[in-house]
Amino acid sequence: MPKSLISIQDFSKDEILHILEVAKEFEADREQSFLAGKVVACLFFEPSTRTRLSFEAAVNRLGARVIGFPDNRNTSQTKGETLEDTIKIVSNYVDMIVMRHPQAGAADIAASVASVPVINAGDGANQHPTQTLLDLYAIQKTQGKLNGLTVNMVGDLKYGRAVHSLVEALRWFDPHFIFTSPEELNMPKKYLEILDREGVDYRQTDRIEDGLNICDVLYMTRVQQERFPDMDEYNKVKDVYRLSASMLGSVKPNMKIMHPLPRVNEIATDIDDTPYAYYFQQAGGGMYVRMAIISYLLGYR
Ligand code: CP
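Residues numbered from 1 in each chain as written. Predicted model: local features only at pLDDT ≥ 70, side-chain atom pairs only at ≥ 80, totals over all residues. Heavy atoms only, no water.

Looking at the pattern of salt bridges
The condition that has to hold: Criterion for a salt bridge: a side-chain nitrogen of Lys or Arg within 4 Å of a carboxyl oxygen of Asp or Glu. Only protein chains enter the accessibility calculation, which uses a 1.4 Å probe. A residue is then buried if its area is under 20% of the maximum for its type, exposed if over 50%, and partly exposed in between.
The tally for this structure, following the rule as stated, stands at 18 salt bridges. A salt bridge links R263 to D272, with the shortest nitrogen-to-oxygen separation between them at 2.7 Å. Taking relative accessible area as the criterion, R263 reaches 22% and is therefore assigned partly exposed. Note on D272: relative accessible area 23%, which makes it partly exposed. Each of the salt bridges in this network shares a partner with another, and the network as a whole consists of R30, E31 and R61.

What about the pairing of strand β8 (residues 217-220)?
Residues in a regular strand project their side chains so that they alternate between the two faces of the sheet. To keep it simple, the criterion reads: Helical segments are the DSSP runs of H or I of at least four residues, strand segments are the runs of E of at least two, and each set is numbered from the N terminus. Note on pairing: two strands pair once DSSP finds at least 2 bridges between them.
Burial along β8 is two-sided: the face carrying V217 and Y219 and the face carrying L218 and M220 are both buried. As paired strands, strand β5 (residues 150-154) and β8 are joined by four bridges and run parallel to one another. Considered in β8, the bridge of M153 is made with Y219. With three bridges connecting them, β8 and strand β9 (residues 256-258) associate as parallel partners. Bridge assignment links Y219 to a residue of β9, and that residue is M258.

Topic: the side chain of H164
To keep it simple, the criterion reads: Contacts between residues were defined by any pair of non-hydrogen atoms, one from each residue, lying within 4.5 Å.
Locating H164 in the fold gives a position in helix α6 (residues 161-170). Beyond its immediate stretch of four places on either side in the chain, H164 contacts A125, N126, Q127, L157, K158, Y159, M187, P188 and Y191.

Here's the deal with the sheet that holds β8
Keep this limit in mind: In this analysis, axes come from line fits to C-alpha atoms, helices being fitted only over the stretch in contact, and the angle between any two N-to-C directions falls in the range 0 to 180 degrees.
Reading across the sheet, the five strands line up as β7-β6-β5-β8-β9 and stay open at both edges, with parallel pairing between neighbours. Sheet topology places β7 (201-205) and β9 at the edges, where each strand pairs with a single neighbour. Averaged over neighbouring strand pairs, the angle between their axes works out to 20° when direction is ignored. In terms of strand pairing, β5 meets strand β6 (residues 176-180) through five bridges, oriented parallel. Looking at the pairing, N152 lines up with I178 of β6. Lying on the sheet, α6 is in contact with β5, β6 and β8; it crosses β5 at an angle near 165°. Seen against the sheet, helix α7 (residues 189-197) touches β6 and β7 and runs at an angle of roughly 145° to β7.

Some thoughts on the pairing of strand β4 (residues 118-123)
Using the following cut-off: Crossover handedness is defined by viewing with both strands directed away from the observer: a clockwise path from the first strand over the helix to the second marks the crossover as right-handed.
Counted residue by residue, β4 has six buried out of six residues, so it is predominantly covered. Relative to β4, strand β3 (residues 96-101) runs parallel, the two being bridged by four bridges. Its bridge partner lying in β4, V98 is registered against I119. At this point the chain moves from β3, through helix α4 (residues 106-113), to the parallel β4, and the crossover so formed is right-handed.

Overview of helix α1 (residues 13-28)
Note the threshold: Expected span of a helix, by definition, is 1.5 Å for each gap between consecutive residues, and there is one gap fewer than residues.
The first and last C-alpha atoms of α1 sit 23 Å apart over 16 residues, in line with the 22 Å expected at 1.5 Å per residue. Regarding α1, the residues found buried are E15, I16, I19, L20, V22, A23 and F26. At its buried positions, α1 is contacted by α5 (129-143), α6 and α10 (279-297).

Describing the packing of helix α2 (residues 50-61) against α10
Threshold: Just so you know how the angles are binned, under 35 degrees is roughly parallel, over 145 roughly antiparallel, 65 to 115 roughly perpendicular, and the rest oblique. Handedness of a helix crossing follows the sense of rotation of the near helix relative to the far helix, less than a right angle counterclockwise being left-handed and clockwise being right-handed. Any residue that is not Ala, Val, Leu, Ile, Met, Phe, Trp, Tyr, Cys, Pro, Asp, Glu, Lys or Arg is counted as polar, Gly included; the first ten are nonpolar and the last four charged.
Running from amino to carboxyl end, α2 crosses α10 at an angle of 55°, the nearest separation of the two axes being 8 Å. The angle between α2 and α10 places the two elements in the oblique class. Considering only the axes of α2 and α10, their crossing is right-handed. Facing R50, T51, S54, F55, A57, A58, V59 and R61 of α2, the residues of α10 in contact are A283, G286, M287, R290, M291 and I294. The residue makeup of the contact of α2 with α10, split by class, is eight nonpolar, three polar and three charged.

A word on a nonpolar patch on the surface
What counts is decided by this rule: Any residue with relative accessible area above 30% and no salt bridge may belong to a patch, with like charges joined within 9 Å and the nonpolar Val, Leu, Ile, Met, Phe, Trp and Tyr side chains within 5 Å. Methods summary: accessible areas were calculated by the Shrake-Rupley approach with a probe of 1.4 Å, and residue burial reflects only the protein chains presented.
On the surface, I67, I89 and Y93 cluster together into a nonpolar patch covering about 300 Å² of accessible area. I67 sits in the partly exposed class, given a relative accessible area of 39%.

Regarding α10
Filter applied, for reference: Axes are fitted to the seven residues ending at a residue and to the seven starting at it; the angle between these axes is taken as the bend at that residue.
For α10, which comprises 19 residues, the first-to-last C-alpha distance of 27 Å matches the rise-based estimate of 27 Å (1.5 Å per residue) to within 8%. Of all the bends in α10, the largest measures some 30° and sits at M287. With 14 of 19 residues buried, α10 is to be regarded as a mostly interior element. Once α10 finishes, G299 follows within two positions and takes phi at roughly 85°, a positive value.

Quick notes on the site of the ligand
The condition that has to hold: The near set for a molecule or strand comprises every residue that places at least one heavy atom within 4 Å of it. N or O atoms within 3.5 Å of each other form a polar contact, as long as, within protein, one can give a hydrogen and the other can take it, and as long as residues adjacent in sequence are counted only when both atoms are side-chain atoms.
Lining the immediate surroundings of the ligand are S48, T49, R50, T51, R100, H128, Q131, P260 and L261. The side chain of R50 places a nitrogen or oxygen atom 2.9 Å from an oxygen atom of the ligand. Contact between the ligand and L261: a nitrogen atom at 3.0 Å from a main-chain N or O atom of the residue. Burial of the ligand by the protein chains amounts to 91% of its free accessible area of 250 Å². Taken together, the residues of the shell around the ligand sort by class into two nonpolar, five polar and two charged.

Read these as spatial facts, not as claims about activity.
Spelled out as structure tokens, the structure:
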């Protein structure tokens with residue numbers, strides 16, 4: 001079975017550092033063409049702006065070509081074809097599959113039947129490993145290191161796949177975590193148990209003020225409306241944290257605000273022009289990181 005990236009745990013610490021290094025090289029020179037002749041399928045069963053377009057841009061910049069779809073409404077899944085059959089068929093046509101799917105575990109299923117590498121571009125509330133790699137790239141770039149940082153994750157820690165993958169990756173870098181969420185959206189036990197087992201320092205709070213002035217990275221997240229089984233529950237927590245520029249008076253000078261995006265109302269636009277905002281640059285680095293991931297999994301870099 002070819003090597004895939006389904007969970008961030010599929011990469012060792014050394015592999016993660018390698019990807020960040022290669023991404024840096026691609027950022028310095030993004031005109032590459034060593035994948036000419038390759039074809040990559042981008043299969044998006046769930047909406048996306050950044051992930052899909054940065055993957056497609058990455059494939060193009062590497063000289064390969066893209067096929068795929070931005071939603072599955074015009075595919076034979078509407079006639080009842082299974083995910084497994086779809087992936088077996090697409091495997092015949094391409095050298096790699098990038099897939100986003102609303103169901104947790106779908107990427108794992110795809111990799112189990114694919115004859116080419118599969119990259120998980122987000123599976124339900126489970127994992128978003130390529131987001132994590134671009135988050136690490138942004139953290140390393142802004143902080144000059146990955147080790148020993150205080151990272152405050154704020155918002156929907158229950159359904160946010162980006163924070164799940166990021167916690168699993170950062171645990172290798174001696175972090176101090178602050179998990180800021182209302183009780184209904186706490187970080188799932190499964191991830192806290194990993195941190196407990198490995199002796200990683202963390203604390204939980206529901207007050208954004210508690211961790212604001214002591215963190216190096218403030219990782220804001222959107223409350224994930226699409227994952228709530230009950231809209232009344234969503235309405236109770238949807239506006240729980242709203243960060244605005246007036247709240248940043250005592251933050252550390254090196255502090256950067258990150259967000260996987262899209263944002264709804266959890267970061268006011270008056271923050272965008274402050275030196276603390278880094279979410280747009282963070283997303284921009286995603287293309288180079290995805291170029292590095294594709295190259296690595298195809299055996300080139
Ligand atoms: N961060 C992220 O996954 O964004 P998209 O949903 O726009 O791809």
